[in-house]
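Here is what each chain is made of, one letter per residue.
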Amino acid sequence: MNKRRIILLTVDFFLAILFIAADQLTKYYAVLMLKDQAPYSIIDGVFELHYLENNGAAFGILQGQKFFFLFIAAIILSMILYVLFKMPYQKKYIKLHITLVLIASGAIGNLIDRIRYDYVVDFLYFSLINFPVFNVADIYVTVAAFFLVILLLFVYKESDLEFLSFRAKKFRDIK
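A brief structural summary. (Residues numbered from 1 in each chain as written. Predicted model: local features only at pLDDT ≥ 70, side-chain atom pairs only at ≥ 80, totals over all residues. Heavy atoms only, no water.)

**Structural notes on helix H4 (residues 136-155)**
Spanning 20 residues, H4 covers 26 Å between terminal C-alpha atoms, matching the ideal 28 Å at 1.5 Å per step. Looking only at H4, the buried set comprises Val-136, Ala-137, Tyr-140, Ala-144 and Leu-151. End-on, the buried residues of H4 take up no more than an arc of 90 degrees, which puts them together on one face. Of the exposed residues in H4, those oriented more than 90 degrees away from the buried face are Thr-142, Phe-146, Leu-153 and Phe-154. For H4, the secondary structure elements touched by its buried residues are helix H1 (3-34), helix H3 (94-117) and strand S3 (120-126). Sitting at the amino-terminal end of H4 is Asn-135, which places a side-chain oxygen 2.9 Å from the backbone nitrogen of Ala-137. (Helix = DSSP H or I, 4+ residues; strand = E, 2+ residues; numbered from the N terminus. Expected span 1.5 Å × (residues − 1). Buried < 20%, exposed > 50% of the residue type's maximum accessible area, 1.4 Å probe, protein only. Arc of directions from axis to C-beta. Contact = heavy atoms within 4.5 Å. Polar contact = N/O pair within 3.5 Å; in protein donor to acceptor, adjacent residues only side chain to side chain.)

Below is the structure:
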């Protein structure tokens, strides 16, 4: 591994630590200040802090499936690590690095909760539209997934992603 790649992966690692710490800190304060309390209105009728222990996934689906979530998180994190290590060191991939680090950070943030509490701490609630209660890690994953789709559809060409090819060179030459 060359020096530039090591620097970029180190930056990825420290960004992930920063994002995870921010997520865990907000959840810590949610538990400390909101647990067993009435919801706290930030913008009356629009947005509030509402403590919730979520045993499921997004929108409360798959309640109580802790080991399934741990398994899925391990697969997702393995795939992200694979892509980050295989990705060429070029400026055009910086957006993809940040996007994948955000997804990994969100997955790890919620994974920490599942391992530590057997549930995920959610506390952000848009009451105006009755949107499900969510947390900072969910924001990371949602925003990054949106940007990942944009990047894959409109920024990167198929040739930009050839580094992910599983086919050996000799099999490509047979065609």
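Text resumes after the structure shown.
**Let's talk about the packing of aromatic side chains**
As enumerated under the stated definition, the model contains 11 aromatic pairs in all. Between Tyr-117 and Tyr-119, the ring centres sit 5.3 Å apart and the planes meet at 15 degrees, which makes this aromatic pair stacked. Note on Tyr-117: relative accessible area 26%, which makes it partly exposed. With centroids separated by 5.6 Å and ring planes inclined at 70 degrees, the aromatic side chains of Phe-146 and Phe-147 adopt a geometry described as edge-to-face. Classification of Phe-146 as exposed rests on a relative accessible area of 53%. Ring pairing ties together the aromatic residues Phe-47, Phe-126, Phe-131 and Phe-134, which thus form one cluster. (Phe/Tyr/Trp six-rings, centres within 6.5 Å; stacked < 30°, edge-to-face > 60°.)

**Some details on unusual backbone geometry**
Positive phi is not limited to glycine here, since Asp-118 has a value of about 75 degrees. Of note, Asp-118 is situated in the loop between H3 and S3. You can call Asp-118 partly exposed: its relative accessible area is 44%. Even without being a glycine, Asn-130 presents a positive backbone phi close to 50 degrees. Residue Asn-130 is classed as exposed on the basis of its relative accessible area, which comes to 55%.

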